[in-house]
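Remarks on the overall topology
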Amino acid sequence: VPVAVKDVIDTADMPTEFNSAAYKGRRPERDAWVVARLRAAGATVIGKTVTTEFAWRHPGPTVNPWNGAFTPGGSSSGSAAAVAAGIVPLALGTQTQGSVIRPAAYCGIVGFKPTYGTIARTGVLPLAWSLDHVGLFARRVADVAYVLKLVGGVDVADPHASHVVPAARDAGKRRIGVLSKQAGGAIEPAQQAALDVLAAQLARDGAEIVAVDLPEEVFATPAYALQLMAVEAAITHGELVERTPELVSPAMRGLVDEGRKLPATTYARIKAAQMPMAQRFHAWLTQTMTLDALLVAPATGEPPRGLDYTGDASFCAPWTFLGVPAVTVPMRFGPSGLPLGAQLVGAAQDDAGLLALAEWVEARTGWEDAVTQRRSA
């Protein structure tokens, strides 16, 4: 199987440069842990995909395969675009805010961010160790589920694990929560309409759709995630910014500066709150509301026009901060002819259960019909 690898993930037989002038020509000594697992399973890495610089906001030249005037999203821009364009059936990406889910939604493919710690990050450039996840892009949920069985695992060189140790619970009832208010803020009418149509279809096909209100503290998580990321990025990349600022984009220089200005007590309070918040969310989802998943927006709607801005990550950041699994599947095309996706969020460490539900949902989105109609138009 040909696989493309985001260029923040080490490959021993080809450069890994982080889309950075400071690392031009860098050749890692060994494969990242996840790449080694794929190669051991027989995969062929055919190339590296464009990332925003250091997986932050400074974009590369990749365009959206559905319309080159629009962004493919980021930071895993090239991975999402390569799968959507049919270049590869599988690509690796990373998510620290919304860098798997959002570009997958923008490009009309499946993107999966597993539970925090499910895929070891050894050999992956860190942006923020409290938030970094390795994720997968494919055209079908079944492909993602298959690959996860091959690459899931821990490595002693990357000592991180899920924020939650879940208790046994009943699952598989297809009880899905829909939100009266999205965690990331307001969404475009076309995005909301697409979610409403999908929820109605799922209800007709036997799912129990439940209107829910998120715990109020979840709405603070996008800001918390940004603050954690700023401080940890300043630790990881601060020395480079000091040594060769001319080789680093204004976006990364600004993030490092922001992280250095944040009080240590602010970082410490957020970090101390992260795991208890994840545990409370898990209890709310699985015990209070007894949901199998939430059906939420992966972004505001269609991708932004132009390549300078890769979109708002606020609709993915809560689930990254809480470390729970999330998957997006394409639904339909919006008013500008670009894809709209649906994001399903599940319980920590129930990645297989979430993907099984996502595969059931995928068969009911109408995406294949929408693609056929577009191509025949």
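Presented here is a report on the structure given in the accompanying data block. (Residues numbered from 1 in each chain as written. Predicted model: local features only at pLDDT ≥ 70, side-chain atom pairs only at ≥ 80, totals over all residues. Heavy atoms only, no water.)

**As for the side chain of Q191**
For clarity, the threshold we go by: Helix and strand assignments come from DSSP, with helices taken as H or I runs of at least 4 residues and strands as E runs of at least 2, each series counted from the N terminus. When accessible area is computed with a 1.4 Å probe and restricted to protein chains, residues below 20% of their type maximum are described as buried, those above 50% as exposed, and intermediate ones as partly exposed. Contacts are assigned to residue pairs that have any heavy atoms within 4.5 Å of one another.
With respect to the helices and strands, the residue Q191 is situated in helix α5 (residues 189-204). Q191 sits in the buried class, given a relative accessible area of 0%. Contact partners of Q191, with chain neighbours within four places excluded, come to A297, P298, A299, T300, G301, M331, L340 and G341.

**Topic: unusual backbone geometry**
Across the junction of G74 and S75, the peptide omega takes the value 5 degrees, indicating a cis bond. Within the element layout of this structure, S75 appears in the loop between β2 (44-49) and α2 (77-84). In the Ramachandran plot, F18 falls in the positive-phi region, its phi being about 60 degrees despite a non-glycine side chain. Tracing the backbone shows F18 in the loop between β1 (2-6) and α1 (33-40). Note on F18: relative accessible area 4%, which makes it buried. With a phi close to 55 degrees, F54 is a non-glycine residue in the positive phi region. Note on placement: F54 falls in the loop between β2 and α2. Residue class for F54 comes out buried when judged on its relative accessible area of 1%.

**Some words on the packing of helix α4 (residues 141-151) against helix α10 (residues 351-362)**
Each pair of packed helices gets described by two things: the angle between the helix axes and the distance between those axes. Where we set the bar: A fitted line through C-alpha atoms represents every axis, and for helices the fit uses only the stretch in contact; the resulting angles, taken between N-to-C directions, go from 0 to 180 degrees. Between 65 and 115 degrees an angle is taken as roughly perpendicular, under 35 as roughly parallel, over 145 as roughly antiparallel, and anywhere else as oblique. Here a crossing is taken to be left-handed if its near helix is turned anticlockwise relative to the far helix by less than a right angle, and right-handed if that turn runs clockwise. Gly falls in the polar group here, along with every residue not listed as nonpolar (Ala, Val, Leu, Ile, Met, Phe, Trp, Tyr, Cys, Pro) or charged (Asp, Glu, Lys, Arg).
It is at 9 Å that the axes of α4 and α10 come closest, and there the two elements cross at 165 degrees. Judged by the inter-axis angle, α4 sits roughly antiparallel to α10. Between α4 and α10 lies a crossing whose hand is left-handed. Seen from α4, the contacting residues are V141, A142, V144, A145 and L148; seen from α10, they are D351, L355, A358, E359 and E362. Of the residues belonging to the contact of α4 with α10, the class tally is seven nonpolar, no polar and three charged.

**Some remarks on the side chain of E232**
Applied cut-off: Charged-residue counts in this description rest on Lys and Arg as positive and Asp and Glu as negative, His and the chain ends being excluded. Here, a salt bridge means any Lys or Arg side-chain nitrogen found within 4 Å of an Asp or Glu carboxyl oxygen.
Relative to the assigned elements, E232 resides in helix α6 (residues 221-243). No salt bridge is formed by the buried E232, whose closest oppositely charged neighbour, K271, lies at an N-O distance of 4.9 Å. Aside from chain neighbours lying at most four places away, what touches E232 is L127, A128, W129, S130 and Y267.

**Details of the sheet that holds β1**
What counts is decided by this rule: Only when DSSP finds a minimum of two bridges between them are two strands counted as paired.
Strand order in the open sheet made by the 10 strands is β2-β1-β3-β5-β4-β9-β10-β8-β6-β7, with mixed pairing throughout. Edge positions in the open sheet fall to β2 and β7 (208-212), since each of these has one partner strand only. Mean inter-strand twist for the sheet, computed between neighbouring axes without regard to direction, equals 25 degrees. Two strands pair when backbone bridges link them, and strand β4 (residues 110-113) and strand β9 (residues 326-333) are joined in this way by three bridges, in the antiparallel orientation. Its bridge partner lying in β9, G111 is registered against T328. Relative to strand β3 (residues 90-95), α1 is tilted by about 165 degrees, and along the sheet it contacts β1, β2, β3 and β5 (133-138).

**Let's talk about the environment of A84**
Summarising the element assignment, A84 is placed in helix α2. Here the alpha-carbon distance between A84 and W66, two residues 18 residues apart in the chain, equals 8.4 Å.

By themselves, these figures tell us nothing about what the structure is for.
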